[in-house]
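Coordinate inspection notes
Each chain, letter by letter, is given below.
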Amino acid sequence: MSGRLLVPILAAASLLAIFAACLLGSTPLPADRVLAAFFGGADVGDRLVVWQIRLPRAIAAFVTGAALGISGAALQGLLRNPLAEPGVLGVSASASLFATFSLYYGLATLSSWVLPIAAIAGALAATALIALAAIRTRSVVTLILIGVGLSSFSGAAMSLLMNLAPNPFSLSDMINWMLGSVANRSFQEVGLAAPFLILGGGILLFSRRGLSALTLGEEAASGIGLNLRNQRILTVLGAGLATGGSVALAGAIGFVGIVAPHIIRPFVRHDPARSLLPSALLAGLILVLADIGVRLLPTSNELKLGVVAALIGAPAFVWIAIQRRALNG
Amino acid sequence: MAELLTRDLTVIAGKATLVRAANLSLRTGELVALLGPNGAGKTSLLRSALGLEKRATGSALLNGADSERLSPMQRARQVAYLPQQRPLAWPNTVRDVIALGRFAYGAAPGRLSAADAEAVDRAIGVCDLSTLTERQADTLSGGELARVHCARAFAAEAPLLVADEPVAALDPRHQFRIMDMMRTFVNDGGGALVVLHDIALAARYADRMVWMKDAEIVADGSPEDTLTTERMAEIYGVRARIDGRSVEIEGAI
């Protein structure tokens, strides 16, 4: 498949998947009723189901995936490693820790902006720490270990908060954050995360050319004209904003950011810059499909999207890591 | 004419002085070999001369402008730099790697202007890579990869080239091929500064040899003037027989 068709095909597939997400559910709606509801026709009940429940949920899943996909692709370009990803590097976990903090202390009730901003602060703190460590060490294994450390610490701190949770309601709130889900999201919540997702994604797309230069390693990249410091700042900022925004919307969902760029890379001739947009679309598509799956599975308690993503993504992570070992010795 | 000039350039890292008061020059039309044992400060000298590493004192001018104050793009258009470590993060095709040499002109792999594409094609021709352009770089041999990196540097079409050990770990034939490319680059009006460990190769190709030891430049001149038995003993601690530009190393002292 040629690289030129990749983005249109993925975009069309994503639209189709979002449309399908509006059709399927506990009460399946036929396509004509969904279409009518889209354009303001149909009866009130259909409009309610489509506009208030299914469409916002599908869009939340899509933008969450897209943010994680583009952040993963950009971080992989910056760190020159296919295993880099917001979840693996502890960025998502830090973001959900900060978000949980704001929930726990009731800060989130002050303003609806508190939660997304807390999540973004957590994501930025973790991304900046990783980028600082990346300057000091050339070893990506070290970076991933730092990420594991960050994740563990955030996990421990969240457990502490849960341990001290004043009542079962805040406990269940926190668990939802940890597991990651887009259930019951409204357009209002999507709107709160949107500015950060758009800004982060925009920064990453704007600065993507430098990621190609980094293919040659940092030394040669600055030799061919890359401003390394600016590139680091922009990628960290962009990935932090996008990941933080996605965590604010859906909690911590891991591994999408690793799987999507991995699938995309051969189609874009392994150029990190060109992998950003298709990775975002594919990761969004994956989460929309996974969320449809979560809704359709006849389980007594609805599965959490983050759990399903990890069940699929973690083995993929292991597989990519093993392959890499075979390649580079 | 382009030139890179350092005056009393000193580089300090922590307590160690890596380069002490170095006066180095590189002009178009000459091939300069930078020689010295491991740890003599060659790479630090190059990097600080290019403004990639902070200097403690002294100056480094690239065509009259302070190299530290140049933007990376401005610098890249005046001097191509081939570092010692040349890791490739992804299995890109040969053509895409070479296309990165045009980064300073706003190009990216898959987004080359007509002028960029011509420069890339010329570099591919010079480095004899036309049969390998669609190969993934991780499937190449060491010699082929070295040529790809040279082509990447040539594609920038900068008047000056600084190459840090471009022939390290190559077989003799590839060493000669790479040096032939450097020579062609200089004959076509460029200026090349090349770090080498093979004295015989350096003596054969260089117009000028710059000798470094313990962070200082100890000699700078034509091979005829600076390549002597005493210098080989002083710099490398080896016994050498020298006849004009040919060197035979007989053993350690």
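Analysis parameters
Residues numbered from 1 in each chain as written. Chains lettered and ligands numbered in written order. Predicted model: local features only at pLDDT ≥ 70, side-chain atom pairs only at ≥ 80, totals over all residues. Heavy atoms only, no water. Salt bridge = Lys/Arg side-chain N within 4 Å of Asp/Glu carboxyl O. Helix = DSSP H or I, 4+ residues; strand = E, 2+ residues; numbered from the N terminus. Buried < 20%, exposed > 50% of the residue type's maximum accessible area, 1.4 Å probe, protein only. UniProt positions renumbered as here; feature names shortened; annotations may be inferred. Expected span 1.5 Å × (residues − 1). Contact = heavy atoms within 4.5 Å. Pairing = 2+ DSSP bridges. Axes fitted to C-alpha atoms, helices over the stretch in contact; angles between N-to-C directions. Patch = residues over 30% accessible without salt bridge, like charges linked within 9 Å, V, L, I, M, F, W, Y side chains within 5 Å. Areas by Shrake-Rupley, 256 points an atom, 1.4 Å probe, with all protein chains shown as cover. Polar contact = N/O pair within 3.5 Å; in protein donor to acceptor, adjacent residues only side chain to side chain. Buried area = accessible area lost by both parts, 1.4 Å probe. Nonpolar A, V, L, I, M, F, W, Y, C, P; charged D, E, K, R; others polar.

What the rule picks out here adds up to 26 salt bridges over all chains. A salt bridge links Glu219 of chain A to Arg47 of chain B; the shortest N-O distance between them is 2.5 Å. Of this pair, Glu219 of chain A sits in helix α10 (residues 218-223) while Arg47 of chain B sits in helix α1 (residues 42-49), on two different chains. Taking the shortest distance from any N to any O, the salt bridge between Asp128 of chain B and Arg177 of chain B comes out at 2.7 Å. Residue Asp128 of chain B is found in the loop between α4 (114-126) and α5 (142-155), and its partner Arg177 of chain B is found in helix α6 (residues 172-187); the two are separated by 49 residues along the sequence. On the accessibility criterion, Arg177 of chain B (18% relative accessible area) is buried. Residues participating in the shared-partner salt-bridge network are Arg269, Asp271 and Arg274 of chain A together with Asp96 and Glu134 of chain B.

Under the feature "domain: ABC transporter" (unreviewed entry), the UniProt entry names residues 4-239 of chain B. Within residues 4-239 of chain B, the helical portion is 35% and the strand portion 25%, while the C-alpha atoms at the span's ends are 34 Å from each other.

Now for α5 of chain B. If you check α5 of chain B, its first and last C-alpha atoms are 20 Å apart, about what 14 residues at 1.5 Å a residue would give, namely 20 Å. Among the 14 residues of α5 of chain B, twelve are classified as buried, and the element is accordingly described as predominantly covered. Among the residues of α5 of chain B, Gly143, Glu144, Ala146, Arg147, Val148, His149, Cys150, Ala151, Arg152, Ala153, Phe154 and Ala155 of chain B are the ones counted as buried. Along its buried surface, α5 of chain B packs onto α10 of chain A together with β7 (79-82), α3 (94-99), α4, β8 (160-163) and α6 of chain B.

Residues and elements named next belong to chain B. Ordered by their spatial adjacency, six strands build an open sheet running β7-β8-β9-β4-β10-β11, and the pairing between neighbours is mixed. The open sheet is flanked by β7 and β11 (216-221), the only strands paired with a single partner. Each neighbouring strand pair of the sheet contributes to a mean axis angle of 15 degrees, computed without reference to strand direction. In this structure, β8 lies alongside strand β9 (residues 191-195), joined through four bridges in parallel fashion. Counted as the bridge partner of Ala163 is Val194 from β9. Relative to β7, α5 is tilted by about 165 degrees, and along the sheet it contacts β7 and β8.

All names here are of chain A. The grouping of Leu171, Ile175, Met178, Leu179, Val307, Leu311 and Ile312 at the surface amounts to a nonpolar patch, some 560 Å² of accessible area in total. Sorting the residues of the nonpolar patch by element identifies α7 (168-179) and α14 (305-328) as the ones contributing at least two each. The element that contributes the greatest number of residues to the nonpolar patch is α7, accounting for four residues.

For helix α4 (residues 91-104) of chain A, which comprises 14 residues, the first-to-last C-alpha distance of 20 Å matches the rise-based estimate of 20 Å (1.5 Å per residue) to within 8%. Within the span of α4 of chain A, buried status applies to Val91, Ser92, Ala93, Ser94, Ala95, Ser96, Leu97, Ala99, Thr100 and Ser102 of chain A.

Residue and element names in this part refer to chain B. Counting through the fold element by element, Arg102 comes out in the loop between α3 and α4. Residue class for Arg102 comes out buried when judged on its relative accessible area of 6%. Of note is the side chain of Arg102, whose polar atom sits 3.5 Å from the backbone oxygen of Ala156. Beyond its immediate stretch of four places on either side in the chain, Arg102 contacts Ala107, Leu112, Ala115, Asp116, Ala119, Val120, Ala155, Ala156 and Glu157.

This paragraph deals with the interface of chain A and chain B. Taken together, the contact between chain A and chain B spans 28 residues of the former and 31 residues of the latter. For the pairing of chain A and chain B, the buried interface totals around 2,500 Å² over both sides, and the portion due to carbon and sulfur atoms is 59%. At the junction of chain A and chain B, the tally comes to four salt bridges. The closest approach of N and O atoms between Asp96 of chain B and Arg269 of chain A, which form a salt bridge, is 3.0 Å. Only α3 (44-79), α9 (209-213), α10 and α13 (272-296) of chain A provide two or more residues apiece to the side of chain A that touches chain B. For the side of chain A that touches chain B, the per-class residue count stands at eight nonpolar, twelve polar and eight charged.

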